[in-house]
Amino acid sequence: MKKLIKTAIKVLQNYDYLHLYSITQLVKNEWGFENDVKNAEDIINNIILEDIKTNGINSTFIKVWLENFALRKQNEEENLLSFLKCRLKTFPFWEMNKHDINYSIHLFWCDIFSEEDKLLNMLENLKIKWKINSYNPITQWQIIVWWIS
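Here is a short report on the structure shown in this document. (Residues numbered from 1 in each chain as written. Predicted model: local features only at pLDDT ≥ 70, side-chain atom pairs only at ≥ 80, totals over all residues. Heavy atoms only, no water.)

Spatially, three strands are ordered β1-β3-β2 in an open sheet, and the strand pairing comes out antiparallel. At either end of the open sheet lies a strand with only one pairing partner, and these are β1 (18-19) and β2 (61-65). By the bridge criterion, four bridges tie β2 to strand β3 (residues 68-71) in an arrangement that is antiparallel. When the bridges of β3 are listed, Lys63 appears paired with Phe69. Packing against the sheet, helix α4 (residues 76-87) makes contact with β2 and β3, and its axis sits at approximately 35 degrees to β2. (Pairing = 2+ DSSP bridges. Helix = DSSP H or I, 4+ residues; strand = E, 2+ residues; numbered from the N terminus. Contact = heavy atoms within 4.5 Å. Axes fitted to C-alpha atoms, helices over the stretch in contact; angles between N-to-C directions.)

Pasting the structure below:
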């Protein structure tokens, strides 16, 4: 198990986040399962989720969306950035929903979307650090984020 976790960590170090399927394929390439293993995705998913459940905010991993994982970063803004990159991968408009709140609680141990100042401060810090170009809150539950190209 430890070798599998280390391999998953090694794989994720090169990405902001990855879908479980991609993690599984890269782990298979790096240090594989036997070819006849039919539930490799389930095994990796369970290992990552168990690490998150057991270690909480000290987990090596964060869940940034349904079956999408990233490595936990040193600060909250970097974890938010991984979440944003996954959540906003197809368009800049972000309408927050109950899933965002659930992921927020797992990432930050609080609902940053209800604590509007905290979210806006984190977005401002990402802007200052040139991780995002800009952002524009439309309502409490809608934000537009512009990426640096």
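With the rule as written, the count across this model stands at five salt bridges. The partner of Glu76 in a salt bridge is Lys118, and the shortest N-O contact between them spans 3.4 Å. Separated by 42 residues along the polypeptide, Glu76 in helix α4 and Lys118 in helix α6 (residues 116-128) bring together distant segments of the chain. Residue classification places Glu76 among the partly exposed positions, given a relative accessible area of 30%. Close ionic contact of Lys131 with Glu78 constitutes a salt bridge, the shortest N to O distance being 3.6 Å. (Salt bridge = Lys/Arg side-chain N within 4 Å of Asp/Glu carboxyl O. Buried < 20%, exposed > 50% of the residue type's maximum accessible area, 1.4 Å probe, protein only.)

So, about the side chain of Asn79. Looking at the element boundaries, Asn79 is found in helix α4. There is a polar contact of 2.7 Å between the side chain of Asn79 and the backbone nitrogen of Lys73. If near-sequence neighbours (up to four positions away) are discounted, Asn79 is found in contact with Ile62, Leu71, Arg72, Lys73 and Phe108. (Polar contact = N/O pair within 3.5 Å; in protein donor to acceptor, adjacent residues only side chain to side chain.)

An order of β4-β6-β5 is seen for the three strands of this open sheet, with the pairing classed as antiparallel. At either margin of the open sheet sits one strand with a lone partner, and together these are β4 (93-95) and β5 (134-139). Along the sheet, successive strands turn relative to each other by an average axial angle of 20 degrees, direction set aside. With five bridges connecting them, β5 and strand β6 (residues 142-146) associate as antiparallel partners. Each residue of the ladder has a partner; that of Pro137, found in β6, is Ile143.

Before going further, it helps to spend a moment on the pairing of β6. Counting buried residues along β6, four of its five residues qualify, which places the element largely inside the surrounding structure. Across three bridges, the pairing between β4 and β6 is antiparallel. The residue bridging Glu95 from the neighbouring strand is Gln142, located in β6. The turn joining β5 and β6, which pair antiparallel and follow one another in sequence, is formed by two residues.

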